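Read off the chains here:
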Amino acid sequence: METKRIGNKIAEARKQRSISDSNLNLCRFQTTDLIRNSFKNSLLIEAEFPKSTIKGCDFKAADLTKVFFNLSSFLKNTITKVVWNNTIFKDTQLKDVVFDGIIENCHFEKCAFKGVKFQNATIVNTFFKYNKNLNRVQFIDCKVDSLTYAFLKNGKADLTDVSLITK
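As the structure is a prediction and not an experimental result, all values here were calculated from the model.

## Observations regarding unusual backbone geometry
Next, step 1: Phi at D91 takes a positive value of approximately 50°, unusual for a residue other than glycine.
Next, step 2: Owing to a relative accessible area of 29%, D91 belongs among the partly exposed residues under this scheme.
Next, step 3: A positive phi angle, close to 50°, is found at D141, a residue other than glycine.
Next, step 4: Looking at the element boundaries, D141 is found in the loop between strand 14 (138–140) and strand 15 (142–144).

Now the structure itself:
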């Protein structure tokens, strides 16, 4: 019953391109092209985006806790005031996005970065492993813990504007 209602809501939202203020927890968007959709203030907890293209979407103030992006493209999306907690980007292309706020317990593995910024962000217990072009990512006025700092340093990120969080 719940799946049918969510499916109907998504089908209707595709026509309107807006899924704002929706509860999309545990949804799976497999091999889906999400272009210029609005997910403002939506709950996407434990949602999955395998083999999907997410481009030009608005995720402002959405909760992306435990969301899994795998073999996907995440391009030119608005992601201000998003909740990033235990979010995983694996084998994902990230292009022209600006991360802000608190990024906690997240994972970036085997990702390709182009035009990506972390600005006014606090990044804690976040893994950056086997990424392409991490040295091109801009970190502007960011605070990180020692574990995250080690991953960024190992990935040859420019840490000029990054400060270490001390206890």
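So much for the structure itself; the text now carries on.
## Brief notes about the packing of aromatic side chains
Next, step 1: Within the structure shown, the criterion is met by 21 aromatic pairs.
Next, step 2: Ring centres 4.7 Å apart and planes at 10° place the aromatic pair F99 and F118 in the stacked group. Highlighted residues: F99 in strand 9 (residues 98–104) and F118 in strand 12 (residues 117–124), separated in sequence by 19 residues.
Next, step 3: The exposure class assigned to F118 is buried, which follows from its relative accessible area of 0%.
Next, step 4: Between the aromatic rings of F108 and F113, the centroid separation amounts to 6.2 Å while the plane-to-plane angle is 45°, which identifies the pairing as tilted. Like F113, F108 is buried.

Thresholds, definitions, all that
- Throughout this document, residue positions are counted from 1 along each chain, in the order its sequence is written.
- In keeping with the model being predicted, local features are shown solely for residues with a pLDDT of at least 70 and side-chain atom pairs are shown and tallied solely at 80 or more, while totals for entire chains, interfaces and linings include all residues.
- Excluding hydrogens and water, the side-chain figures rest on all heavy atoms present in the structure.
- Each residue is placed in one exposure class: buried if its accessible area under a 1.4 Å probe, protein chains only, is under 20% of its type's maximum, exposed if it is over 50%, and partly exposed if it falls in between.
- We count a stretch as a helix when DSSP gives it H or I for four or more residues in a row; a strand needs E for two or more, and each element gets its number in order from the N terminus.
- A pair of aromatic rings is counted whenever rings of Phe, Tyr or Trp (Trp by its six-membered ring) have centres within 6.5 Å, and the orientation is called stacked for planes under 30 degrees apart, edge-to-face for over 60 and tilted otherwise.

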